[in-house]
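As a plain string of letters, each chain reads:
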Amino acid sequence: MARVAFIGLGNMGGGMAANLAKAGHAVTSFDLSEAALAKAEGNGCTRAASAEEAVKDAEAVVTMLPAGKHVREVYETSVIGKAPASAILIDCSTIDVATAREEIAKAESAGYRMVDAPVSGGIAAADAGTLTFMVGGADEAFEAARPYLDQMGKAVIHAGAGGAGQGAKICNNMLLGASMVATCETFILAQKLGLDAQTFFDIASKASGQCWSMTTYCPLPGVGPVTPADRDYEGGFAAALMLKDLRLAMEAAQSVDSYTPMGAAAEELYTRFAESLGGGGKDFSGIIKMIDDSWTAR
Ligand code: NAD
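Small disclaimer: the values here were computed from a predicted structure and weren't measured. (Residues numbered from 1 in each chain as written. Predicted model: local features only at pLDDT ≥ 70, side-chain atom pairs only at ≥ 80, totals over all residues. Heavy atoms only, no water.)

### Description of the pattern of salt bridges
For the structure shown, the criterion picks out 16 salt bridges. A salt bridge links D232 to K289; its shortest N-O distance comes to 3.1 Å. Here the residue D232 occupies a position in the loop between α10 (212-215) and α11 (239-255), and K289 occupies one in helix α13 (residues 288-291), the gap between them amounting to 57 residues. Among the salt bridges present, the one from E268 reaches R272, with a minimum N-O distance of 3.8 Å. Highlighted residues: E268 and R272, both in helix α12 (residues 261-276), separated by four residues, approximately one helical turn. Since its relative accessible area comes to 32%, R272 is described here as partly exposed. Within the structure, one salt-bridge network assembled from shared partners comprises R72, E76, E102, E103 and K106. (Salt bridge = Lys/Arg side-chain N within 4 Å of Asp/Glu carboxyl O. Helix = DSSP H or I, 4+ residues; strand = E, 2+ residues; numbered from the N terminus. Buried < 20%, exposed > 50% of the residue type's maximum accessible area, 1.4 Å probe, protein only.)

### What to know about a nonpolar patch on the surface
There is a patch of nonpolar side chains on the surface, built from L189, L193 and L195 and spanning about 300 Å² of accessible area. Within the element layout of this structure, L189 appears in helix α8 (residues 164-192). (Patch = residues over 30% accessible without salt bridge, like charges linked within 9 Å, V, L, I, M, F, W, Y side chains within 5 Å. Areas by Shrake-Rupley, 256 points an atom, 1.4 Å probe, with all protein chains shown as cover.)

### Observations regarding the site of the ligand
Within the structure, the ligand sits among 21 residues, and N11, M12, D31, L65 and K244 are positioned closest to it. One of the backbone nitrogen or oxygen atoms of N11 is found 2.9 Å away from an oxygen atom of the ligand. Within the side chain of D31, an N or O atom sits 2.6 Å from an oxygen atom of the ligand. Burial of the ligand by the protein amounts to 85% of the accessible area it has alone, namely 840 Å². (Near = heavy atom within 4 Å. Polar contact = N/O pair within 3.5 Å; in protein donor to acceptor, adjacent residues only side chain to side chain.)

### Some details on the nonpolar core
Formed by 36 residues in total, the largest nonpolar core has its most connected members in F6, M16, I90, C92, F133 and L149. Listed by contribution, the elements that provide at least two residues to this core are β1 (3-7), α1 (13-22), α2 (34-42), β4 (60-63), β5 (88-91), α6 (123-128), β8 (131-136) and α7 (139-150). Considering each element in turn, this core owes the most residues, six residues, to α7. Those residues in contact with L149 that sit more than four places away from it in its chain are I90, C92, A117, F133, V135 and V156. Listed in part, the 33 residues of the second largest apolar core include C184, F237, M242 and L243. (Core = buried A, V, L, I, M, F, W, Y, C linked by side-chain atoms within 4.5 Å. Contact = heavy atoms within 4.5 Å.)

What follows is the structure in structure tokens.
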């Protein structure tokens with residue numbers, strides 16, 4: 001078992017650090033929040049007074065931070081040059097592709113192995129150890145990171161070179177955001193055309209319109225499997241996080257001059273739902289309420 005430093009013990013990182021401790025690693029944790037640190041201690045982690053102290057004799061460093069600027073700050077001030085050069089550095093945060101590539105390049109030029117390893121799956125999957133990791137980095141770095149990721153997830157996939165994990169994550173979530181909007185507007189139209197929602201679900205789930213947003217995560221309450229729609233769109237994947245990922249996707253698309261009209265439309269619609277209409281804390285399938293004109297003026 002290894003000495004692991006874990007930085008960023010929020011909604012996601014708290015459960016992930018607990019799973020590493022449960023697997024038998026000596027986890028030294030750091031977060032700016034006292035409450036998060038106290039919770040990690042309760043889950044078998046040791047607390048450090050700073051990120052530098054957490055990483056000083058680590059064999060692996062795992063970070064789960066809000067955005068690119070936090071990742072840059074933590075790696076440049078507290079990890080690179082502070083952790084032993086033999087440590088494998090694993091950033092699981094969802095951040096922009098450019099920052100991920102830059103930080104991996106800086107770590108590599110200081111002699112470290114580093115991967116970007118963003119996740120699919122929410123807080124429940126982080127707690128249960130059933131996340132899916134999309135990993136970018138050199139083969140040797142991927143192999144060094146894999147045993148730790150295996151203990152926090154159910155699938156670990158090597159997506160390609162540094163930054164490819166972030167690329168895979170935002171492309172997947174751009175597709176998810178666009179397909180959820182398409183599913184919502186389709187169900188509203190089907191109902192207005194006089195179709196029973198469950199009957200349409202049964203047909204489309206077996207026809208060529210089938211997609212995950214409908215069959216597994218239906219945005220209508222009482223239709224298909226139990227989903228956040230059945231608890232008034234509480235829990236699940238917050239619309240604010242979907243919007244974050246769509247913005248990262250649009251930024252990436254612009255950087256490589258890629259035409260993404262459906263992604264752009266999804267970003268605009270989620271901006272309206274999450275920010276103008278206050279739906280940011282609701283599950284992202286709650287956007288059906290905005291599309292259904294019985295709920296609000298469009
Ligand atoms: P969160 O805000 O709950 O946790 C982030 C933690 O980082 C906080 O506890 C904060 O105090 C800490 N932090 C910030 N700056 C720090 C610093 N300089 N040093 C130490 N700690 C610092 O966020 P979260 O929901 O856990 O999400 C973390 C990442 O995972 C994000 O990039 C998010 O996009 C991604 N993600 C979240 C979900 C989800 O469902 N919540 C799902 C998939 C991916």
